[in-house]
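# Coordinate inspection notes
Now for the letters of each chain:
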Amino acid sequence: MNDPNGMVYHNGTYHLFFQHNPDSTVWGPMHWGHATSQDLLHWEEQPIALFPDSLGTIFSGSAVVDKDNTAGFGNNALVAIFTHHNHTLAQNQAGLPQYQSLAYSTDEGKTWAKYEGNPVLPNPGIRDFRDPKVMWHEESEKWVMTLATKQSITFYGSPNLKEWTKLSEFGEGIGAHGGVWECPDLISFDDQGKKIWVLIVNLNPGAPNGGSGGQYFVGDFDGTTFRPFDTDTRWLDFGRDNYAGVTWSNTGNRRIFIGWMNNWEYANVVPTETWRGATTLPRELGIEKINGKWYLASQPVPELSAITSSLQKLPSVDGGESLSLKATAGNLPETYRLDLTYPADHTFEVTLKNDANEQVTFGYAASERCFFIDRTLAGNHAFSEKFASKDSAPRIGDQPEIRVSLWVDVASIEVFADDGLTAMTEIFFPTQVYDDIVLQGQSGARFTDVHLYRISPTTN
């Protein structure tokens, strides 16, 4: 699997569709895989929702609940808006292989029918013309499509999801342009009655630490045009392995995000056997103003507390002395969470280790005001010369103490610093599970509120 697609919440069920090749563990003819959950934790894989057809394979897109039957498929029909990709045209350098199409479900996502009038948005002459994210814009009473078009975003409007009119373009000369723009998302947040709009734009390559990543812009949207408050380039996640992430639709005031936990620099060759590709933890997005500028903050959804239980609390730890949590708490579980607080004017490291002398280190360099993840000694990296890396992230928060939450699985770490203002996601492939955590700070500083949790598995 790769990109999450068509995420929609309907009648108590979260639907997650995803780019999927059912016949191989490498990228191939794309289908929409499908999984459902009532709590964002326990997922049940469903039959494949959308198969390739005469118009092409099924690339990325979104899904909405058409509660007022604007498209004519029925009240509360689920409508998927996706990119058809014609490989025959793609192989022809003069061909224009991508256009937007519809499918709909009237049985709550169990079965899907493609609209007989596809494509609903033909290609206007752009090879990269894809990944529609559609929302209902209440103020202008129309559907708005946010579409990736080469290295820009084009907005389209429609009264019925079938007939689309170009509204505006955004992106020329703004943001990162190291690679093609993909998988956009336009979402809003409430600031004392005023809407703050955030435009998420994934791109590959061009991320700050190499390969695939997601940038975002903060501004206003009037139903036609997105106008950023500034032209700064901001990043959703500074780790190497959070790409193509977007949010669920129809979740009310919540903005729930999930990404693909991989990077196209090595995605087809990571050393897994029966599967390849996974998602990040679902994250709740919010906004926070720091020094007069708005930033996204992301935190694991609170539903995760249902599978999280306390293992050990340490109110205070001397930063000048190396502390092994294996020595104080015993062997760690395979999946765990570690929270801690540390003064921002001192350097510290948190190292995940095993008996094979493999390790991943997360840390903070106070003099540079940056976080880092070092996976150069993490285990198997022979599959790609681009995998072993030390990746950094600036500190955005401005409080005197840094709060950090690390979520560790057998092959990944997801870090949320300063309540998610800085996030980092990275994968790794040790030969043994990391069964120890070592804390190392500086003399004169102390780790406080150190809390280790067990995360229970969500599958058997």
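These notes cover the structure that comes with them. (Residues numbered from 1 in each chain as written. Predicted model: local features only at pLDDT ≥ 70, side-chain atom pairs only at ≥ 80, totals over all residues. Heavy atoms only, no water.)

### Observations concerning the packing of aromatic side chains
The description of two aromatic rings rests on the distance between their centres and on the angle between their planes. Under the definition given, this model contains 29 aromatic pairs. Centroid distance Phe-362 to Phe-371: 5.9 Å. Interplanar angle 15 degrees. Geometry classified as stacked. Under the relative-accessibility criterion, Phe-362 is labelled buried at 1%. Its relative accessible area of 0% is what places Phe-371 among the buried residues. Members of the aromatic cluster, connected to one another through ring pairs, are Tyr-342, Phe-348, Phe-362, Tyr-364, Phe-371 and Phe-447. Here the guanidinium or amino end of Arg-337 rests over the ring plane of Tyr-453, the centre of that ring lying 4.7 Å away. Positioned above the aromatic ring of Phe-387, the side-chain terminus of Arg-375 is 3.8 Å from the ring centre. (Phe/Tyr/Trp six-rings, centres within 6.5 Å; stacked < 30°, edge-to-face > 60°. Buried < 20%, exposed > 50% of the residue type's maximum accessible area, 1.4 Å probe, protein only. Lys NZ or Arg CZ within 6 Å of the ring centre and 35° of its normal.)

### A look at the pairing of strand 27 (residues 370-374)
Counted residue by residue, strand 27 has four buried out of five residues, so it is predominantly covered. The antiparallel pairing of strand 26 (residues 359-365) with strand 27 creates a hairpin that spans four residues between the two strands, and Arg-369 there sits at a positive phi of about 50 degrees. Relative to strand 28 (residues 390-394), strand 27 runs antiparallel, the two being bridged by five bridges. Paired with Asp-374 across the two strands is Lys-390, which belongs to strand 28. (Helix = DSSP H or I, 4+ residues; strand = E, 2+ residues; numbered from the N terminus. Pairing = 2+ DSSP bridges.)

### Brief notes about the pairing of strand 18 (residues 243-247)
As a general feature of sheets, a regular strand has side chains that alternate between the two faces. A large share of strand 18 lies buried, amounting to five of its five residues. Sheet topology places strand 18 next to strand 19 (residues 256-260); three bridges connect them, and they run antiparallel. Residue pairing across strands places Val-246 opposite Ile-258, the latter belonging to strand 19.

### Some details on empty space enclosed by the protein
Rolled over the atoms, a probe with the dimensions of a water molecule shows which regions are left empty. Inspection of the entire model under this criterion finds four cavities of 30 Å³ or more. Roughly 60 Å³ of internal volume is contained in the largest cavity. Considering the residues around the largest cavity, the lining is formed by Pro-4, Asn-5, Ser-60, Gly-61, Asp-131, Pro-132, Lys-133, Cys-183, Pro-184, Ala-244 and Val-246. Among the elements of the structure, strand 1 (4-10), strand 5 (57-66), strand 9 (129-137), strand 13 (180-191) and strand 18 are those that each provide at least two residues to the lining of the largest cavity. Per element, the largest residue contribution to the lining of the largest cavity is three residues, and it comes from strand 9. When its residues are assigned to classes, the lining of the largest cavity shows six nonpolar, three polar and two charged. There is about 40 Å³ of room inside the second largest cavity. Taken together, Tyr-216, Trp-235, Leu-236, Leu-285, Leu-296, Ala-297, Ser-298, Gly-420 and Leu-421 make up the full set of residues lining the second largest cavity. (1 Å grid on protein atoms, 1.4 Å probe; cavity = no way out; pocket = protein on both sides within 12 Å on 5 of 7 lines; lining within 4 Å. Points joined across faces, edges and corners; volume = space filled by probe spheres on them. Nonpolar A, V, L, I, M, F, W, Y, C, P; charged D, E, K, R; others polar.)

### Quick word on the environment of Thr-308
Tracing the backbone shows Thr-308 in strand 22 (residues 308-318). Sequence separation between Thr-308 and Thr-225 is 83 residues, and the spatial gap between their C-alpha atoms is 43 Å. For Thr-308, the residues in contact, after removing those within four places along its chain, are Arg-337, Trp-407, Tyr-453 and Arg-454. A polar side-chain atom of Thr-308 sits 2.8 Å from the main-chain carbonyl oxygen of Leu-304. (Contact = heavy atoms within 4.5 Å. Polar contact = N/O pair within 3.5 Å; in protein donor to acceptor, adjacent residues only side chain to side chain.)

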